[in-house]
Amino acid sequence: MSHERFYSKVNGPTLHRVNAVRWLDEVTPRHLAGGGDPRHVTEYLLASGWSNHSVPGYPHVLLESPDRRLHLTLEPEEDEFMSSWRVRPAQGHAWWAQFGIHTPVEIIAGFTDVLHSTGPRPEEAELWRLAASRGWTMRLAGRERAALSPDETAYLSRESSLAETPIHRWAVQVSVPLSEKRHRWIWNASIDEAAPPAALTGFIDALTDPAPLLRWEGQEPRHAFGFLDSRRSPVTPEQHRLQHLRRLETVQRTGTASPAPPPPGPCRHKRHR
């Protein structure tokens, strides 16, 4: 039976068919844009040769890399303090990467798209310079450094454990203020510093990128209302769908990531906060 007969998000407008969506919005800041469609991550990995080990009838995704060395698990957790996305080696506990359910999939893809890329490990200072060049404010967190997003709702830090041999990790906390002393937690993420260097760099690059993310009408999260800029995009749902399909075709054909699409054009129609 075809899934297209069902009234379901699996028939999503931006990835499979236009459906009834009339327009897309460009949303900033991107870390408050909401999770988006998980197929932005999972379909890219499947096109890259990852295999699907999900259990029929259970709401999760289990993917394994072509060399069987890496696992990705998506098990949605509504609790903002829990991690829904997890990436780790198939054997051992050399490193972990974890992301909350409201982490935008485009930011997660910054990590997962380049898991198999090779290259030298970046110096810590290079990653802080990348964030600073995009308007993030450098802070001190005890003896560790940290950075605050321009809108002050995302906090990037490098933390170390209290073990005799410290384990370093990069962490992100995203929240919005409710009052002078209270905040609403949106999502968090943590990546062990032993994770593949290109993936760690790709995550921080995608996190701090000031370019907006595309969301279909009404998809903007309610928990971030009042903290978002949302403008009508000149990119149509059909164009967005075709961009996604070209991305998959490129990685299937070449085994390498496709160039990022150009930033959305000038915003002309609407804006709300």
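Before reading on, note that the structure itself is shown above.
A brief structural summary.

Glancing now at the packing of helix 2 (residues 105-112) against helix 4 (residues 197-208). Helix 4 packs onto helix 2 with a crossing angle of 155° between their chain directions and a minimal axis gap of 6 Å. Classified by the interaxial angle, the pair formed by helix 2 and helix 4 is roughly antiparallel. When you trace helix 2 past helix 4, the crossing you get is right-handed. Of helix 4, the residues touching helix 2 (which contributes Glu106, Ile107, Gly110 and Phe111) are Ala199, Leu200, Gly202, Phe203, Ala206 and Leu207. Residues belonging to the contact of helix 2 with helix 4 are distributed by class as follows: 7 nonpolar, 2 polar and 1 charged.

One finds Phe99, Phe111 and Phe203 to be the most contacted residues of the largest nonpolar core, which totals 45 residues. If near-sequence neighbours (up to four positions away) are discounted, Phe203 is found in contact with Phe99, Ile107, Gly110, Phe111, Val172, Ala189 and Ile191. Residues Leu24, Leu214, Trp216 and Val235 belong to the second largest nonpolar core, which totals 5 residues.

Compared with the 26 Å implied by 1.5 Å per residue over 18 residues, the 26 Å span of helix 5 (residues 237-254) between its first and last C-alpha is a close match. In the core, the buried residues of helix 5 are packed alongside strand 1 (24-28), helix 1 (39-47), helix 2 and strand 12 (213-216).

Turning to the side chain of Ser83, a few remarks are in order. Here Ser83 lies in the loop between strand 4 (70-74) and strand 5 (85-89). Once you skip the residues sitting within four places of it in the chain, Ser83 turns out to touch Glu77, Gln98, Phe99, Gly100 and Asn188.

A full pass over the atoms with the stated rule returns 10 salt bridges. For Arg30, the salt bridge goes to Asp209, with nearest N and O atoms at 3.9 Å. With a gap of 179 residues between them, Arg30 in the loop between strand 1 and helix 1 and Asp209 in the loop between helix 4 and strand 12 connect regions that are remote in the sequence. Exposure remark for Arg30: the relative accessible area of 9% places this residue in the buried category.

On to the side chain of Ser84, then. One can find Ser84 in the loop between strand 4 and strand 5. A distance of 2.7 Å separates a polar atom in the side chain of Ser84 from the backbone nitrogen of Glu77. In this structure, Ser84 is in contact with Thr73, Leu74, Glu75, Pro76, Glu77, Phe99, Gly100 and Ile101, ignoring residues within four places of it in sequence.

Scoring rules and cut-offs
Throughout this document, residue positions are counted from 1 along each chain, in the order its sequence is written. Reporting in this predicted model follows two pLDDT cut-offs: at least 70 for local features of residues, and 80 or more for side-chain atom pairs to be given and counted; totals over whole chains, interfaces and linings ignore these cut-offs and use all residues. As a convention, hydrogens and water are excluded, and side-chain values are obtained from all of the structure's heavy atoms. Helix axes use the C-alpha atoms of the stretch in contact, all axes being lines fitted to C-alpha atoms, and the angles between their N-to-C directions lie in the range 0 to 180 degrees. Strands are runs of DSSP state E lasting at least two residues, helices are runs of H or I lasting at least four, and both sets are numbered from the N terminus onward. Oblique is the label for any angle not covered by the other classes, which are roughly parallel (under 35 degrees), roughly antiparallel (over 145) and roughly perpendicular (65 to 115). Crossings are classed by handedness, with left-handed meaning an anticlockwise turn of the near helix from the far one by less than a right angle and right-handed meaning a clockwise turn. Only heavy atoms matter for contacts: two residues are in contact if any of them lie within 4.5 Å across the pair. When residues are sorted by character, Ala, Val, Leu, Ile, Met, Phe, Trp, Tyr, Cys and Pro go into the nonpolar class, Asp, Glu, Lys and Arg into the charged class, and all the rest, Gly among them, into the polar class. Working definition of a nonpolar core: buried Ala, Val, Leu, Ile, Met, Phe, Trp, Tyr and Cys residues. They are joined through side-chain atoms within 4.5 Å. Relative accessibility thresholds used throughout: buried, under 20% of the residue-type maximum; exposed, over 50%; partly exposed, between the two (1.4 Å probe, protein chains only). Given the number of residues in a helix, its expected span is that number minus one, multiplied by 1.5 Å. Salt bridges are defined as contacts in which a side-chain nitrogen from Lys or Arg sits within 4 Å of a carboxyl oxygen from Asp or Glu. The definition of a polar contact used here is a pair of N or O atoms within 3.5 Å, where within protein one atom must be able to donate a hydrogen and the other to accept one, and adjacent residues in sequence count solely through side-chain atom pairs.

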